[in-house]
Amino acid sequence: MSDNQAAVATYGLGKRYRRSRALSECTFSLPPGRICGLVGPNGAGKSTLLRILAGLTVPDAGSFELLGETPGPGRSGWRRVAYLDQDRPLYRRFSVAETLRAAAALNATFDFGWARRTLEDLGFDLHQTVGTLSGGQQTQLALIWCLGRRPALLLLDEPTSALDPLARESLVRLLLATVAENGTTVIVSSHAVSELGQFCDFLVLLTRSQVRLTGDVDELLASHRLLVGAAESSPPGTVLSSATAGRQATVLVRSEGELFAPGWDAEPVDLERMVVAYLRLYACAEDESAALDATTSARVRS
Amino acid sequence: MNTPLNGPAAREPAIRFHITRGSGLPAYRQLVDQVRQALSLGLLAAGDRLPSVREVVAEVTINPNTVHRAYQVLEADGVVEARAGLGTFVTSVAPPSATPEHQMELQEDLRSWAERARRSGMSAEAISALIAVTFPNPAHQRQSSE
């Protein structure tokens, strides 16, 4: 796979469940070796997108490529893709050691030695029954199952949602250390945007089944600024959110290239602030067509 | 971090990084600055090993690409070199401008100066402002010279 070939490329993916749209016109391209944060409110289509990429849900529109090829019957397709869903699917009656043996038996590429070492390093008792492990340990074990397969692409659906802060941190450490060694491409969905902001370098933001913002995190942050200035003057760039207090306005704007804002005090934004502004923008947009117009102008292509 | 994720390193890395979130300074920049600062304070010497990318991300939970980028900047500046299979090492270093003892002395002077400024009724902001106009900002100089 060459460097400029996308690890994941989707073209107009769509999925309907009965009468509701789960995903529509979903198009983005993720370069290899990136850690991509997938954010959006509940029901925005994050899980549907991940399940489509994992081969568990068939889209009714569009197409996609993983690691440079279209997956399907007779192709290697999903062999190098690992997916962890929200419910941490594990055999609860198995011991930790039996779980490892099952993972090795089910996956030709499973690195048993690495998995065993990592579990021991994390303080696991290999004889303990999976069902009696803490939630954090179960997630760790499920992640080790995924990572032990040495995937080129790892899809994680809210892996830290049920965990306390310590278990979260420990899971993120494990993930990043392994990803750093293997150059794995990762897509991770989460509501913990500030946590994602620590380690994601790519973003896909979904609301109401559509991609509203996608691209390299540094580039996205560089094209957004928080401006503080006089309420009556009009700010430069595309205004995403605006709050006025007395004579002072605080405005989040987006602009390509250098932002020239005389009379305004410009500050950089962080990922969380930017994401929340977009979520609010599309949550507030009662008029669907107005929101769609904003999408066209606000989408940043990588 | 004491978890064995770090593995039994042949030699302990010579520096530990920390990241301040929300400082506005990109994470890779913070890593670069910390290495340069350690060099100028004489805390890093030629031949010292920087932590591996894996060690850094496991410790400060940042993106591996961020660490790669910081190390590339340092390598381009000739401060460090990557040795295949071994890691990233400090190359040659200009000797620190002052011995650690002398630096402590200077810091003591600065502390008593700050105390005098406080006693004369200056606020912390006013003191910082005075320092800012007295010394050109080294971070800015560095950025413009890149």
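Here is what the cut-offs are and how they apply
- Residues numbered from 1 in each chain as written.
- Chains lettered and ligands numbered in written order.
- Predicted model: local features only at pLDDT ≥ 70, side-chain atom pairs only at ≥ 80, totals over all residues.
- Heavy atoms only, no water.
- Helix = DSSP H or I, 4+ residues; strand = E, 2+ residues; numbered from the N terminus.
- Buried < 20%, exposed > 50% of the residue type's maximum accessible area, 1.4 Å probe, protein only.
- Contact = heavy atoms within 4.5 Å.
- Areas by Shrake-Rupley, 256 points an atom, 1.4 Å probe, with all protein chains shown as cover.
- Salt bridge = Lys/Arg side-chain N within 4 Å of Asp/Glu carboxyl O.
- Buried area = accessible area lost by both parts, 1.4 Å probe.
- Polar contact = N/O pair within 3.5 Å; in protein donor to acceptor, adjacent residues only side chain to side chain.
- Pairing = 2+ DSSP bridges.
- Expected span 1.5 Å × (residues − 1).
- Core = buried A, V, L, I, M, F, W, Y, C linked by side-chain atoms within 4.5 Å.
- Axes fitted to C-alpha atoms, helices over the stretch in contact; angles between N-to-C directions.
- Parallel < 35°, antiparallel > 145°, perpendicular 65-115°, else oblique.
- Left-handed = near helix turned anticlockwise from the far one by under 90°.
- Nonpolar A, V, L, I, M, F, W, Y, C, P; charged D, E, K, R; others polar.
- pLDDT = per-residue confidence, 0-100.

**Brief notes about the overall build of chain B**
Right, on to step 1. Across its full length, chain B carries six helices and three strands.
Right, on to step 2. If you list the helices and strands of chain B from N to C, you get α-β-α-α-β-β-α-α-α.
Right, on to step 3. Counting the 146 residues in chain B, one finds 32% classified as buried.
Right, on to step 4. Here the analysis covers contacts within chain B between residues at least 6 apart in sequence; of these, 59% occur between residues at least 24 apart.
Right, on to step 5. When the accessible surface of chain B is totalled, it reaches about 9000 Å², and 57% of it is carbon and sulfur.

**Considerations on the overall build of chain A**
Right, on to step 1. Helix and strand counts for chain A stand at nine helices and 13 strands.
Right, on to step 2. Counting the 302 residues in chain A, one finds 50% classified as buried.
Right, on to step 3. Look at the contacts in chain A between residues 6 or more apart in sequence, and 69% of them connect residues 24 or more apart.

**So, the pattern of salt bridges**
Two side chains carrying opposite charge are able to pair once their charged atoms lie near each other.
Right, on to step 1. Across all of its chains, the model carries 16 salt bridges over all chains by this definition.
Right, on to step 2. We note a salt bridge from A:R150 to A:D111, for which the minimum N-O separation is 3.3 Å. Note that A:R150 is positioned in the loop between α4 (135-148) and β6 (153-157) and A:D111 in the loop between α2 (96-106) and α3 (112-121), a separation of 39 residues in sequence.
Right, on to step 3. With a closest N to O distance of 3.4 Å, B:R16 and B:E59 form a salt bridge. Taken as a pair, B:R16 in the segment before α1 (27-40) and B:E59 in helix α2 (residues 53-60) lie far apart in primary sequence, 43 residues in all.
Right, on to step 4. Judged by relative accessible area, B:E59 falls into the partly exposed class, the value being 22%.
Right, on to step 5. Residues joined in a network through salt bridges with shared partners are B:E115, B:R118 and B:R119.

**Re the interface of chain A and chain B**
Interface size is often expressed as the accessible area that is lost when the parts come together.
Right, on to step 1. Taken together, the contact between chain A and chain B spans 17 residues of the former and 16 residues of the latter.
Right, on to step 2. Together chain A and chain B conceal approximately 1400 Å² of surface at their shared face, both sides included; 58% is due to carbon and sulfur atoms.
Right, on to step 3. Our enumeration of links across chain A and chain B arrives at two salt bridges.
Right, on to step 4. Linking A:E181 and B:R54 is a salt bridge whose minimum nitrogen-to-oxygen distance equals 2.9 Å.
Right, on to step 5. Applying the counting criterion to the chain A and chain B interface returns nine residue pairs in polar contact (both at pLDDT 80 or more).
Right, on to step 6. Looking at the side of chain A that touches chain B, the elements with two or more residues in it are α5 (165-182) and α6 (193-199) of chain A.

**Looking at the environment of A:S209**
Right, on to step 1. Residue placement: A:S209 occurs in the loop between β8 (202-207) and β9 (210-216).
Right, on to step 2. Distance in space between the C-alpha atoms of A:S209 and A:E25 is 8.4 Å, their sequence separation being 184 residues.

**Thoughts on unusual backbone geometry**
Right, on to step 1. Its identity is not glycine, yet A:R88 carries a phi of approximately 45°, on the positive side.
Right, on to step 2. Owing to a relative accessible area of 21%, A:R88 belongs among the partly exposed residues under this scheme.

**Quick word on the pairing of strand β5 (residues 81-84) of chain A**
All names here are of chain A.
Right, on to step 1. Alternating residues of β5 divide into V81 and Y83 and A82 and L84, and every residue in both groups is buried.
Right, on to step 2. As defined by bridge partners, β5 adjoins β6 across four bridges and the pair is classed as parallel. Looking across to β6, one finds that V81 is bridged to L153.

**Topic: α5(A)**
Residue and element names in this part refer to chain A.
Right, on to step 1. Across its 18 residues, α5 extends 26 Å between first and last C-alpha, which sits within 8% of the 26 Å expected from 1.5 Å per residue.
Right, on to step 2. Buried within α5 we find A167, L171, V172, R173, L174, L175, L176, A177, T178, V179 and A180.
Right, on to step 3. Regarding α5, its N-cap is D164, as a side-chain oxygen of that residue lies 3.0 Å from the backbone nitrogen of L166 further along.
Right, on to step 4. Immediately downstream of α5, the backbone of G183 shows phi near 65°, a positive value.

**Structural notes on the nonpolar core**
Right, on to step 1. One finds A:L143, A:L154, A:L203, A:M274, B:V35 and B:L50 to be the most contacted residues of the largest nonpolar core, which totals 82 residues.
Right, on to step 2. Dropping the residues within four chain positions of it, A:L203 is found in contact with A:C36, A:G37, A:V39, A:L213, A:T214, A:G215, A:V217, A:L220, A:L271, A:M274 and A:V275.

**Quick notes on the pairing of strand β2 (residues 80-83) of chain B**
Right, on to step 1. Examined bridge by bridge, β2(B) and strand β3 (residues 87-90) of chain B share four bridges and lie antiparallel to one another. The partner of B:V80 across the bridge, within β3(B), is B:V90.

**So, the sheet that holds β8(A)**
Residues and elements named next belong to chain A.
Right, on to step 1. The strand order across the open sheet formed by six strands is β5-β6-β7-β3-β8-β9, and the pairing between neighbours is mixed. Every other strand in the sheet has two partners, leaving β5 and β9 as the edge strands with one partner each. When the angles between neighbouring strand axes are averaged without regard to direction, this sheet yields 15°.

**Observations regarding the packing of α3(A) against α4(A)**
All names here are of chain A.
Right, on to step 1. For the pair α3 and α4, the least separation of the axes is 9 Å and the interaxial angle reads 155°. One finds that α3 runs roughly antiparallel with respect to α4. Of the two possible hands of crossing, α3 and α4 adopt the one that is right-handed. Every residue of α4 that contacts α3 at W114, A115, T118 and L119 is listed here: L141, I144, L147 and G148.
Right, on to step 2. A class-by-class count of the residues in the contact of α3 with α4 yields six nonpolar, two polar and no charged.

**Regarding the confidence of the model for chain A**
Right, on to step 1. Looking at chain A as a whole, the pLDDT averages 87, with 91% of positions reaching at least 70.
Right, on to step 2. Segment residues 289-302 of chain A: pLDDT under 50, and 27 contacts once partners within four positions in sequence are set aside and those in other chains are kept.

**Considerations on the side chain of A:S24**
Right, on to step 1. Residue position: A:S24 is located in strand β2 (residues 20-30).
Right, on to step 2. Beyond its immediate sequence surroundings of up to four residues, A:S24 is in contact with A:L13, A:G14, A:S209 and A:Q210.

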